[in-house]
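Listed here are the chains, written in short residue letters.
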Amino acid sequence: MGLGEQIYVYRELLNLEGVYQHHGIDCGDGTVIHYRKPSEIIEQTSLVTFARGNQVYLREYLDGFCFIPEIVVERAKSRLGEQKYNLLFNNCEHFATWCKTGISDSKQVRDFTPIISRLNVDELTNPLFNAFKQTDSANAQNMINKALGDIRTVWDKIQPQYQQALQERDSWQKVAQEALRRNREDLAKAALQRKLSYQSQAQDLEKQLAELAKMTENLLKNAPKQK
């Protein structure tokens, strides 16, 4: 660890340990700039406050551009006091990655969407149901509401992408038909390749939406009954 390094620790979510990574920028003087929880404000705190007793890891960038350490810290300090936290679009990892590379990115978020279609939905929701059993009904309801809110946020991101992919698929089909009408098989072939690419994208997104719908159904069906 050192000046300008992007560091992270594993934090708990919904009473489950080690669920997500919390990122920050090491200032090299025993302090870290990060989107502090629960205030959701970018603050400069001690490393101890950042770590909360957890092991600290280093995000390595073996390939690609990174700013020199002094610039990384300068970029981090330029956003001190910011209060625009968003789980999917401006979280702690987005912030730290932007400081380091100039690109606001979160590998955790990028990995979340594909994982929906790869994993059994029950494997995603069963930990929540187990957590429900270990808490009172009021807290369980808060957990459910947060989980449903997170699902809705992801849905609202995927749904427009799905509709756009369908529109692009149909548009390239029309381009291919017009190219054939003009005896331009070369253009028709290229257009059909684009169409197939968007069709495959739409199919993947459709599966993800279906899994999100099933996750929502499972949450509502298995939620503790209110007394």
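Structure: above.
Residues numbered from 1 in each chain as written. Predicted model: local features only at pLDDT ≥ 70, side-chain atom pairs only at ≥ 80, totals over all residues. Heavy atoms only, no water.

*Asks:* How would you summarise helix α3 (residues 92–101) if you had to cite specific residues and measurements?
*Replies:* Count 3.6 residues to each turn of an α-helix, and residues three or four apart come out pointing the same way. Within α3, 9 of the 10 residues are buried, leaving the element largely enclosed by the surrounding structure. Among all positions of α3, only Cys92, Glu93, His94, Phe95, Ala96, Thr97, Cys99, Lys100 and Thr101 are buried. Note on α3: the residue one or two positions beyond its end, Gly102, has a positive phi of about 90°. (Buried < 20%, exposed > 50% of the residue type's maximum accessible area, 1.4 Å probe, protein only. Helix = DSSP H or I, 4+ residues; strand = E, 2+ residues; numbered from the N terminus.)

*Asks:* With reference to specific residues and values, describe unusual backbone geometry.
*Replies:* Put simply, Lys37 and Pro38 share a cis peptide bond, and its omega is 5°. In this structure, Arg52 is a non-glycine residue whose phi angle is positive, near 55°. Within the chain, Asn183 stands out as a residue other than glycine whose phi angle is a positive 60°. Of note, Asn183 is situated in the loop between α6 (137–181) and α7 (185–222). Given the relative accessible area of 67%, Asn183 is considered exposed.

*Asks:* Lay out the environment of Val56 with the relevant residues and their values.
*Replies:* With respect to the helices and strands, Val56 occurs in the loop between α1 (47–51) and β5 (57–58). Along the primary structure Val56 and His22 are separated by 34 residues, whereas in three dimensions their C-alpha atoms are 9.8 Å apart. In contact with Val56, other than residues within four places in its own chain, are Met1, Ile7, Tyr8, Val9, Leu47 and Ala51. (Contact = heavy atoms within 4.5 Å.)

*Asks:* Kindly report on the side chain of Arg59, identifying the contributing residues and their values.
*Replies:* Mapped onto the elements, Arg59 comes out in the loop between β5 and α2 (69–77). We classify Arg59 as buried; its relative accessible area is 16%. Polar side-chain contacts of Arg59 include one of 2.8 Å to the side chain of Glu93. Sequence-distant contacts of Arg59, defined by excluding residues within four places in its chain, comprise Gln6, Tyr8, Gln21, His23, Glu93, Thr97 and Lys107. (Polar contact = N/O pair within 3.5 Å; in protein donor to acceptor, adjacent residues only side chain to side chain.)

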